[in-house]
Amino acid sequence: IQFENTDTKINSVAVWVRVNGVDYPYTSSYISIPETHGGISGKSIMTVNFTGPLNAGDEVELYWHSPGNGYVRIQTVPAGTLPTRPASPAVILTVWRIMP
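None of these values were measured; they are calculated from a predicted model.

Draft legend 1. Region of the structure containing the environment of T6. Note on placement: T6 falls in the loop between strand 1 (2–5) and strand 2 (11–19). A residue is classified by how much of its surface remains accessible, and T6, at 36% relative accessible area, is partly exposed. Considering only alpha carbons, one finds T6 and A79, 73 residues apart in sequence, at a separation of 20 Å. Excluding its chain neighbours within four sequence positions, the residues that come into contact with T6 are T36, S41 and Y71.

Draft legend 2. Representation of the sheet that holds strand 7 (residues 72–74). Ordered by their spatial adjacency, 3 strands build an open sheet running 5-1-7, and the pairing between neighbours is antiparallel. If you trace the sheet from one side to the other, it starts and ends with strand 5 (42–45) and strand 7, each paired once. Within this sheet the neighbouring strands show an average axis-to-axis angle of 25°, counted without direction. Note: strand 1 against strand 7, 3 bridges, orientation antiparallel.

Draft legend 3. Examining the pairing of strand 2 more closely. Taking burial as the measure, the 9 residues of strand 2 include 7 buried ones, the bulk of the element. Bridge analysis of strand 2 against strand 4 (residues 29–33) gives 5 bridges, and the strand direction is antiparallel. The partner of A14 across the bridge, within strand 4, is Y30. With 6 bridges connecting them, strand 2 and strand 6 (residues 60–65) associate as antiparallel partners. Bridge pairing in strand 6 links V17 to L62. Two elements, strand 2 and strand 3 (residues 22–23), share 2 bridges in a ladder whose sense is antiparallel.

Draft legend 4. Quick peek at the pattern of salt bridges. One pass over the structure, following the stated rule, counts 3 salt bridges. Residue E4 is joined to R73 by a salt bridge in which the shortest nitrogen-to-oxygen separation is 2.6 Å. Of this pair, E4 sits in strand 1 while R73 sits in strand 7, and the two are 69 residues apart along the sequence. On the accessibility criterion, E4 (6% relative accessible area) is buried.

Draft legend 5. Expanded view of the layout of surface pockets. Size it by volume and the largest pocket reaches roughly 1,100 Å³. Lining the largest pocket are 32 residues; nearest its centre among them are F50, L93, T94, V95 and W96. Within the residue set of the lining of the largest pocket, elements represented by two or more residues are strand 2 and strand 6. Broken down by element, the residue count for the lining of the largest pocket peaks at 3 residues, all from strand 2. Of the residues that constitute the lining of the largest pocket, the class distribution is 23 nonpolar, 8 polar and 1 charged.

What counts as what
- Residues numbered from 1 in each chain as written.
- Predicted model: local features only at pLDDT ≥ 70, side-chain atom pairs only at ≥ 80, totals over all residues.
- Heavy atoms only, no water.
- Helix = DSSP H or I, 4+ residues; strand = E, 2+ residues; numbered from the N terminus.
- Buried < 20%, exposed > 50% of the residue type's maximum accessible area, 1.4 Å probe, protein only.
- Contact = heavy atoms within 4.5 Å.
- Pairing = 2+ DSSP bridges.
- Axes fitted to C-alpha atoms, helices over the stretch in contact; angles between N-to-C directions.
- Salt bridge = Lys/Arg side-chain N within 4 Å of Asp/Glu carboxyl O.
- 1 Å grid on protein atoms, 1.4 Å probe; cavity = no way out; pocket = protein on both sides within 12 Å on 5 of 7 lines; lining within 4 Å.
- Points joined across faces, edges and corners; volume = space filled by probe spheres on them.
- Nonpolar A, V, L, I, M, F, W, Y, C, P; charged D, E, K, R; others polar.

Take a look at the structure:
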């Protein structure tokens, strides 16, 4: 998850998993996003691995919260030039099926 902070102070973010509308135990993870500096918003990439059993048809959701009063958001970065570079996605989610 790529977070951006447009505030002039550091803000924290919590991310957790819900399965079938219920918070999954022990999945809350936290990160501090740097403040804006030199007119450039602070950015951080959060990578977390969650493991646990799921059943066919389960609904898995990622939730996040920041007390940053609207200053923190999940950010997609568009493709750039000089040098040419690809866009950056806001979120990448990888799910693996492990058979017994």
